[in-house]
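Working through the structure, step by step
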Amino acid sequence: ARLERMLEYVLHVTRPDGGAPLVGDCDDGRLLRLAARDGDEREGADHRHLLAAGAVLFAREDLGRAAGDRWEEAFWLLGGEAVRFKEALDARGAAAAEPGSRRFPDGGLCVLRGGGAYVAVDAGGVGQGGNGGHAHADALGFEYAADGGPWVVDPGTGVYTADYATRNRFRSSRAHAVLVVDGAETDRFDERELFAMRDDARPVVERWEPAAGGDRLVARHHGYERLEPPVSVRRAFRLEHASGALLVTDEAGGEGRHAFSLRLPLPAGAVVEVAGPVARVRRPDGGRLSVWVAPGAGGAVLAAADGRVSPGYGIVRPAPALDVAGTFAGRLRLAVLLVPERGGG
């Protein structure tokens, strides 16, 4: 029963393009690798081969359809039983159903999805009993995908001990889609201790409201309550299924004046154009996205930036990003709207 629940987790967190969100470390480690996908940088983040084997073991048609074309390892592991299952699945010919929205409270991941749009939010602690050896400082960070591909991505891992600077850059708050206050990490770490992170943020989900037309998630974290003076942070997500539009609202409050920043890491190969509070992003596959920042939010300035992403361990690629930055005194309410331009809109 526990193994089947693990497979359901893989089913729900898999993005529409077949990849998994790169929350925390990813070193592409595999116990048993029966199929080689030479030249595929994303192999370590594609776990659909597990769904294929699980479909046969548990007679789950939904897992089998979600596996897509990743069936080779199931054939090696399960032989004729897997072949017969896949042939019967193909004969029935139905398309894969979209998994519903799902919250995993123990692991902290919340997945909002509908109408082909997908959002994965890291609303969990650093793990390992608070040691955070493989955690990143990404409290309430998110990935967003729509129209068959990713838009806002987790930057990944880079490397471990081979390059301390790269290791620390990729696990920093500034590399992720999180609200950064006064340049501080949401969870502190020592740059010389590559496998430890303090459990400062400890996110708390306040509202989890999946619905037929759209999903809503509201959460807060404690990461900046250690600042002098302390700052509270709350983030809300609203995903509209029909349009695939995502509204992300950050609220911060505390005495004194503070600087804030927010980075939206974009996929490698994307092209960005910024005009005032609006950005337009184009993916290599032709997908288009508009990003709107509410005017007057803490004097927020939207700008294109050069970033880096790591689609697999030891692989680092240049990629664009969108940066929002400004200052606030007392309270901040920063709203960012991401709208896929479907049908060439």
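Up top is the structure these notes are about.
Let us look at the structure shown here. (Residues numbered from 1 in each chain as written. Predicted model: local features only at pLDDT ≥ 70, side-chain atom pairs only at ≥ 80, totals over all residues. Heavy atoms only, no water.)

Before going further, it helps to examine the overall build of the protein. A count of helical and extended segments in the protein gives 6 helices and 15 strands. The C-alpha atoms of the protein give 20 Å as radius of gyration, which agrees with the globular expectation for 345 residues (20 Å, within 12%). Sorting the 345 residues of the protein into buried and exposed places 52% on the buried side. Looking at the protein alone, contacts between residues at least 24 apart form 64% of all its contacts between residues at least 6 apart. Surface exposure of the protein reaches about 15,300 Å², of which carbon and sulfur atoms provide 52%. Put simply, the protein has 43 plus and 49 minus side-chain charges, and the middle of one group is 2 Å from the middle of the other. (Helix = DSSP H or I, 4+ residues; strand = E, 2+ residues; numbered from the N terminus. Rg over C-alpha atoms; globule rule 2.2 N^0.38 Å. Buried < 20%, exposed > 50% of the residue type's maximum accessible area, 1.4 Å probe, protein only. Contact = heavy atoms within 4.5 Å. Areas by Shrake-Rupley, 256 points an atom, 1.4 Å probe, with all protein chains shown as cover. Lys, Arg positive; Asp, Glu negative; His and termini not counted. Charge placed at Lys NZ, Arg CZ, Asp CG, Glu CD.)

Our next topic: the pattern of salt bridges. If the charged atoms of two oppositely charged side chains come close together, the side chains can form a pair. Following the criterion strictly, the structure yields 31 salt bridges and no others. Among the charged side chains, a salt-bridge network with shared partners connects E4, E8, R60, D62 and R102. (Salt bridge = Lys/Arg side-chain N within 4 Å of Asp/Glu carboxyl O.)

Turning our eyes to something else, we now look at the side chain of H221. Within the fold, H221 resides in strand β8 (residues 214-221). You can call H221 buried: its relative accessible area is 2%. Here G223 takes part through its backbone nitrogen, which lies 2.9 Å from a polar atom of the side chain of H221. (Polar contact = N/O pair within 3.5 Å; in protein donor to acceptor, adjacent residues only side chain to side chain.)

Here we come to the packing of aromatic side chains. Here the structure, examined in full by the defined rule, presents 7 aromatic pairs. Following the ring pairs from residue to residue traces out a cluster consisting of W71, F75 and F85. Residue placement shows R167 over the ring face of F195; its charged tip is 4.9 Å from the ring centre. The ring centre of W151 lies 4.1 Å from the NZ or CZ of R283, which sits over that ring. (Phe/Tyr/Trp six-rings, centres within 6.5 Å; stacked < 30°, edge-to-face > 60°. Lys NZ or Arg CZ within 6 Å of the ring centre and 35° of its normal.)

What follows deals with the side chain of T249. Within the fold, T249 resides in strand β10 (residues 246-265). Classification of T249 by relative accessible area gives buried; the value is 8%. Apart from the residues within four sequence positions on either side, T249 is in contact with R234, R235, A236, R333, L334 and A335.

Turning next to the sheet that holds strand β4 (residues 142-146). Paired through backbone hydrogen bonds, the strands of a sheet run either parallel or antiparallel to each other. Pairing within the open sheet is antiparallel, and its 5 strands lie in the order β1-β2-β3-β4-β5. Of all strands in the sheet, those bounded by a partner on one side alone are β1 (102-104) and β5 (149-152). Averaged over all pairs of adjacent strands, the angle between their axes in this sheet comes to 15°, without regard to strand direction. The pairing of strand β2 (residues 109-114) with strand β3 (residues 117-122) spans 6 bridges and is classified as antiparallel. Along β3, the bridge assignment pairs C110 with V121. (Pairing = 2+ DSSP bridges. Axes fitted to C-alpha atoms, helices over the stretch in contact; angles between N-to-C directions.)

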